[in-house]
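Given next are the chains, with one letter for each unit.
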Amino acid sequence: MVLTILGRRSDDPSSKECCYIWELLAVALNDMVAEGLIEEEKIDSFNIPNYTPSPTEVKREVEKEGSFTINRLEVFEVNWNAYYGEFCPLDARKEGGYNVAKMMRAVAEALLISHFGDGIVDEVFSRYKNIVADRMSREKTEFVNVSISITRRG
């Protein structure tokens with residue numbers, strides 16, 4: 001069996017490589033708090049259950065469980081910009097922000113609606129798209145994936 005999960009290289013569970021995409025969503029939400037569009041109490045009580053393990057943690061859990069043999073364990077990066085390293089159209093940064101925002105919306109929309117209601121969702125992700133596009137234009141942005149190949153013992 002091969003599993004690929006969002007992870008991190010670092011053993012630090014609060015490192016930028018695992019939390020940055022969520023931090024940018026927090027920027028959009030906090031901007032809306034500052035403008036009075038979201039109540040501060042709502043932000044203070046909002047939590048997204050997310051954990052991105054390091055390769056060390058994945059290995060330790062598989063070994064601790066004991067039913068599988070690890071054949072291979074690798075870490076690789078996936079750039080947020082789908083055009084990274086290839087011909088890049090002029091509007092790729094804007095498109096990249098749009099693509100990342102769509103992906104994050106698929107992941108987080110239900111959580112946001114259940115906590116804040118559906119009235120803010122379009123505005124949150126419109127802002128988020130712009131924040132992400134700005135960051136993508138100024139720095140290297142990538143996801144870290146941990147991929148493991150395991151075989152059942154026995």
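Residues numbered from 1 in each chain as written. Predicted model: local features only at pLDDT ≥ 70, side-chain atom pairs only at ≥ 80, totals over all residues. Heavy atoms only, no water.

**Student:** Before we go on, may I ask you to explain the pattern of salt bridges in this structure?
**Tutor:** Opposite charge on two side chains lets them pair, provided their charged atoms get close. In total, this model carries 12 salt bridges according to the counting rule given. Note that Lys-64 is salt-bridged to Glu-61, the shortest N-O span being 3.5 Å. Note that Lys-64 and Glu-61 are positioned in helix H3 (residues 55–65) at a spacing of three residues, about one turn of the helix. A relative accessible area of 41% places Glu-61 in the partly exposed class. A salt bridge links Arg-138 to Asp-134; its shortest N-O distance comes to 2.6 Å. Here the residue Arg-138 and the residue Asp-134 both occupy positions in helix H5 (residues 121–138), the gap between them amounting to four residues, near one helical turn. Overall, Arg-138 belongs to the exposed group, its relative accessible area being 55%. With a relative accessible area of 34%, Asp-134 lands in the partly exposed category. Overlapping salt bridges bring together Glu-35, Glu-123 and Arg-127 as one network. (Salt bridge = Lys/Arg side-chain N within 4 Å of Asp/Glu carboxyl O. Helix = DSSP H or I, 4+ residues; strand = E, 2+ residues; numbered from the N terminus. Buried < 20%, exposed > 50% of the residue type's maximum accessible area, 1.4 Å probe, protein only.)

**Student:** What's the story with the sheet that holds strand S3 (residues 142–152) in this structure? I'm lost.
**Tutor:** Each strand in a sheet pairs with its neighbour through backbone hydrogen bonds, running either in the same direction (parallel) or in the opposite one (antiparallel). Taken in spatial order, the three strands make up an open sheet running S1-S3-S2, and their pairing is antiparallel. Unpaired on one side and paired on the other, strand S1 (2–6) and strand S2 (68–79) mark the two borders of the sheet. Neighbour-to-neighbour, the strand axes of the sheet open up by a mean angle of 20°, direction not taken into account. Where S1 and S3 come together, five bridges link them in antiparallel fashion. Opposite Ile-5, over in S3, you have Val-146 as the bridge partner. H3 contacts S1, S2 and S3 of the sheet and is inclined by roughly 160° relative to S2. (Pairing = 2+ DSSP bridges. Axes fitted to C-alpha atoms, helices over the stretch in contact; angles between N-to-C directions. Contact = heavy atoms within 4.5 Å.)

**Student:** Hey, could you run me through the side chain of Thr-141 in this one?
**Tutor:** Its location among the elements puts Thr-141 in the loop between H5 and S3. Using a relative accessible area of 4% as the deciding quantity, one classes Thr-141 as buried. Not counting the four nearest positions on each side in its chain, Thr-141 is found in contact with Tyr-20, Asn-79, Trp-80, Arg-135 and Met-136.

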